[in-house]
Amino acid sequence: DITDTLKKDMENAKVEVKDKEVIGVINVSEAANKAQADKLADEYTNTLKQKYKDKNIKVQVVYNKEKLSESSTYVDVNKDPASKLPKMNIQISSGLSGLDRYVAISLETDKPEQYEVKALGQDLKYVPSKKFFHGVVESTDEAAITKSIKVTLKK
């Protein structure tokens, strides 16, 4: 669970707003385990997503100058403007180990279940109740993960 101290640290996060990106850094004042840091990063990412809907969001949780967790959200990603495929929002956060990342993708369409989504050649699982695709990929290179995402209409 997120302690009151960690919640207070989240309220005091430093936020830098740029043209297309918002960067939030939560400096935690007490040691936090990986699950707490990941939850804190995800929660704050969601807070910033509500406030800055049209910007990419990057959140870091830092303790004693060491990065405990990181979460990134990319909005309105669509490589080819002529494409008939829906725009997507991509969230990339810490995975199960330091060598992988959790990827969640939502498509801007009424019927996301009609599509298949892959990241780094790996099928992402569709969650009907939340209307997004997700999975863990074996890479920490967010640019490579983002570039590798393929959305196709199911056959």
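Residues numbered from 1 in each chain as written. Predicted model: local features only at pLDDT ≥ 70, side-chain atom pairs only at ≥ 80, totals over all residues. Heavy atoms only, no water.

Visitor: Explain helix H1 (residues 4-11) to me, please; I cannot follow it from the model alone.
Guide: At 3.6 residues per turn, the α-helix brings residues three or four places apart onto the same side. What H1 keeps buried is the set Leu6, Asp9 and Met10. All buried residues of H1 project into a common sector of 100 degrees when viewed along the axis, lining one side. Exposed and oriented more than 90 degrees from the buried face of H1 are Asp4, Lys8 and Glu11. (Buried < 20%, exposed > 50% of the residue type's maximum accessible area, 1.4 Å probe, protein only. Helix = DSSP H or I, 4+ residues; strand = E, 2+ residues; numbered from the N terminus. Arc of directions from axis to C-beta.)

Visitor: I would appreciate a short explanation of the sheet that holds strand S2 (residues 21-27) in the present structure.
Guide: Note on sheets: strands pair through backbone hydrogen bonds, and any given pair is parallel or antiparallel. Taken in spatial order, the eight strands line up as S1-S2-S3-S4-S5-S6-S10-S9 in an open sheet, and their pairing is mixed. Each of the sheet's edge strands pairs with one partner strand only, and the pair in question is strand S1 (14-17) and strand S9 (125-127). Mean inter-strand twist for the sheet, computed between neighbouring axes without regard to direction, equals 15 degrees. (Pairing = 2+ DSSP bridges. Axes fitted to C-alpha atoms, helices over the stretch in contact; angles between N-to-C directions.)

Visitor: Help me understand the layout of surface pockets, please; the structure alone is not making it clear to me.
Guide: Gaps between atoms show up when a probe of the same size as a water molecule is rolled over them. Considering only enclosed or pocket space, the largest pocket measures out at about 360 Å³ in volume. In terms of lining residues, the largest pocket is bounded by 17 residues, among which Asn46, Lys49, Gln91, Ala104 and Ser106 are the most central. For the lining of the largest pocket, the elements supplying multiple residues, two or more each, are helix H2 (34-51), strand S4 (66-77), strand S5 (88-94) and strand S6 (101-107). Along the lines of polarity and charge, the residues of the lining of the largest pocket split into six nonpolar, seven polar and four charged. (1 Å grid on protein atoms, 1.4 Å probe; cavity = no way out; pocket = protein on both sides within 12 Å on 5 of 7 lines; lining within 4 Å. Points joined across faces, edges and corners; volume = space filled by probe spheres on them. Nonpolar A, V, L, I, M, F, W, Y, C, P; charged D, E, K, R; others polar.)

Visitor: What exactly am I supposed to notice about the pattern of salt bridges here?
Guide: Here the idea is simple: oppositely charged side chains can pair when their charged atoms come close. Applying the stated criterion across every chain yields a total of six salt bridges. When the shortest N-O distance is used, the salt bridge between Lys18 and Glu16 registers 3.9 Å. Owing to a relative accessible area of 38%, Lys18 belongs among the partly exposed residues under this scheme. Look at Glu16 and you get partly exposed, because its relative accessible area is 44%. Where Lys118 meets Asp123, a salt bridge forms, and the shortest distance between an N and an O atom there is 3.4 Å. The exposure class assigned to Asp123 is exposed, which follows from its relative accessible area of 53%. (Salt bridge = Lys/Arg side-chain N within 4 Å of Asp/Glu carboxyl O.)

Visitor: How should I be thinking about the sheet that holds strand S7 (residues 115-119) in this particular structure?
Guide: Taken in spatial order, the three strands of this open sheet run S8-S7-S11, and their pairing is antiparallel. Strands at the two margins of the open sheet, each flanked by one partner only, are strand S8 (122-123) and strand S11 (150-153). Of the pairings in the sheet, the one linking S7 to S11 comprises four bridges and is antiparallel in character. Note on S11: the bridge partner recorded for Tyr115 is Leu153.

Visitor: Hey, could you run me through the environment of Asn27 in this one?
Guide: Among the structural elements, Asn27 can be located in strand S2. For Asn27, a relative accessible area of 38% corresponds to the partly exposed category. Distance from Asn27 to Met10, taken between C-alpha atoms, is 7.8 Å for residues 17 residues apart in sequence. With residues up to four places along the chain from it excluded, the contact list for Asn27 reads Asp9, Lys14 and Val62. (Contact = heavy atoms within 4.5 Å.)

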